[in-house]
Structures are given as structure tokens and as C-alpha cells.
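Structural description and commentary
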Amino acid sequence: TVQLADGLGFGVAVPEQSIDTVDARKLLPDQVDRSLAVGQASRAAALVTGLQNGDGDLIAIGMEDLIAVPVRSGLIKGYEAACGAGIEAGAYGVTISGSGASLVGIASSERASAVAEAMARALTRSGNPDRKSTRLNSSHTDISRMPSSA
């Protein structure tokens, strides 16, 4: 279990367009270069440390996915616009949640609602209307106490 730092917030935008998990998994490469795997592992470590310490710079580095996002982002109409809007609204980073098409931005708890709303507006302007945007903070039970089997 990762204990999240107080003061973190999560903005989530759920676009109308969905992505089939099986199809999204098929896009992933069967093998990746060692340097790419090492870079991804380093980013994962940065993300965990950033979440534990509330360090926005580490969170930003950790949210830069090198493997899945480059091949899946094209499936989400308005992805680039939504990410840019989330960052502009105060997110440390924005990425695809799971296999998509939902997007998650991590920010201070004060900025999380603005991040969710900005991503939702950008998706809608791109022709992929937001079905439900929401904000969660680091004290939210579902986030701070994820079961270890998740």
C-alpha cells in the first residue's frame, strides 16, 4: 500500500468514447528495448516517491509513460488537448487511466476540480464529450487504501 501525501488531488475526465481493453492491450508491444524498460521503471519509482512525498516534479516525471500512452493516446479523440488543458489548470501530470479512455490528472487538492473541468471541456471541444468529470483527494478511502491485490 502506498500512503499518499496529504494535499494531493485527482481530477478525472471520462469521455463519451470508450476503448475496449482487449483492443488497447493488443496495441502494446510484446517486447521493449532494455533502455525503454529501465526508463519506465525509473518513472514508476519517481511516481511512487512523488505521491508519498507530495513532490509535483517527481509526479510529473512519473506520469510520463513511455510504453502504453504513445500507442494508446491516438485512440482518445482530444487526448493532447485534454492533457494540455489539465496541465494548464494546475496538474503536475495527466495520463490515461488504465487502458483508457478516462484521463487522470494529479494536482494539489485545491486544483483537482479545475483540472477535471479543464480536461472535460477540452475533450468536449475536440468532439469527444465528457460523460463525467470528478475530483478525489488523497484522503479519499478508495484511493489511499487500495487493496494490495489491485
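Just so it is clear, the model here is predicted, and its values are computed rather than measured. (Residues numbered from 1 in each chain as written. Predicted model: local features only at pLDDT ≥ 70, side-chain atom pairs only at ≥ 80, totals over all residues. Heavy atoms only, no water.)

Attention now moves to the overall build of the protein. Summing up its helical and strand segments, the protein has 7 helices and 4 strands in all. For 150 residues, the compact-globule formula gives about 15 Å, and the C-alpha radius of gyration of the protein, at 15 Å, lands near that figure. The principal-axis extent of the C-alpha atoms belonging to the protein is close to 40 × 35 × 30 Å. Across the protein, contacts joining residues at least 24 apart in sequence account for 71% of those joining residues at least 6 apart. Surface accessibility of the protein: about 8200 Å² in total, with carbon and sulfur atoms responsible for 49%. In the protein, 13 positive and 16 negative side-chain charges are present, and the distance between their average locations comes to 4 Å. (Helix = DSSP H or I, 4+ residues; strand = E, 2+ residues; numbered from the N terminus. Rg over C-alpha atoms; globule rule 2.2 N^0.38 Å. Contact = heavy atoms within 4.5 Å. Areas by Shrake-Rupley, 256 points an atom, 1.4 Å probe, with all protein chains shown as cover. Lys, Arg positive; Asp, Glu negative; His and termini not counted. Charge placed at Lys NZ, Arg CZ, Asp CG, Glu CD.)

All right, on to the pattern of salt bridges then. Inspection of the entire model under this criterion finds 1 salt bridge. Across the pair Glu-64 and Arg-43 runs a salt bridge whose closest N-O atoms are separated by 3.4 Å. Remark: Arg-43 occurs in helix H2 (residues 34–53) and Glu-64 occurs in the loop between helix H3 (56–62) and helix H4 (68–72); sequence separation between them is 21 residues. (Salt bridge = Lys/Arg side-chain N within 4 Å of Asp/Glu carboxyl O.)

Sheet analysis places strand S2 (residues 93–96) next to strand S3 (residues 103–108), joined by 4 bridges and oriented antiparallel. Bridging across to S3, Thr-95 finds its partner in Val-104. Counting the residues between successive antiparallel strands, the hairpin from S2 to S3 contains 6 residues, one of them, Gly-98, with a positive phi of roughly 65°. (Pairing = 2+ DSSP bridges.)

Taking 1.5 Å of rise per residue, the 14 residues of helix H6 (residues 112–125) would be expected to cover 20 Å, and the 20 Å separating its terminal C-alpha atoms lies within 8% of that figure. Taken residue by residue, H6 has Ala-112, Val-115, Ala-116, Ala-118, Met-119, Ala-120, Ala-122 and Leu-123 as its buried positions. Following H6 by one or two positions, Gly-127 has its phi on the positive side, about 90°. (Expected span 1.5 Å × (residues − 1). Buried < 20%, exposed > 50% of the residue type's maximum accessible area, 1.4 Å probe, protein only.)

A few words now on the confidence of the model for the protein. Chain-level statistics for the protein give a pLDDT mean of 88 and a share of 90% at 70 or above. The lowest-confidence element of the protein is helix H7 (residues 141–144), averaging 38 in pLDDT; the highest-confidence one is H3, averaging 98. Here residues 140–150 is modelled with pLDDT under 50, and outside its nearest four sequence neighbours on either side it reaches 11 contacts, counting other chains as well. (pLDDT = per-residue confidence, 0-100.)

Among the 6 residues that make up S3, 6 are buried, leaving the element largely enclosed by the rest of the structure. Pairing analysis gives 6 bridges linking strand S1 (residues 8–15) to S3, with the strands arranged antiparallel. For Gly-9, the partnering residue across the bridge sits in S3 and is Ala-107.

What follows deals with the nonpolar core. Ile-76, Tyr-79, Leu-103 and Met-119 are the most contacted members of the largest nonpolar core, which totals 21 residues. Looking at this core, the elements with two or more residues in it are helix H5 (79–88), S2, S3 and H6. In terms of residues, this core owes the most to one element, H6, which gives 5 residues. If we ignore the near neighbours within four places in the chain, the residues touching Met-119 are Gly-11, Val-12, Ala-13, Ala-82, Ala-85, Gly-86, Val-94, Leu-103, Val-104 and Gly-105. Grouped together as the second largest cluster of nonpolar side chains are 11 residues, Phe-10, Val-14, Leu-51 and Val-104 included. (Core = buried A, V, L, I, M, F, W, Y, C linked by side-chain atoms within 4.5 Å.)

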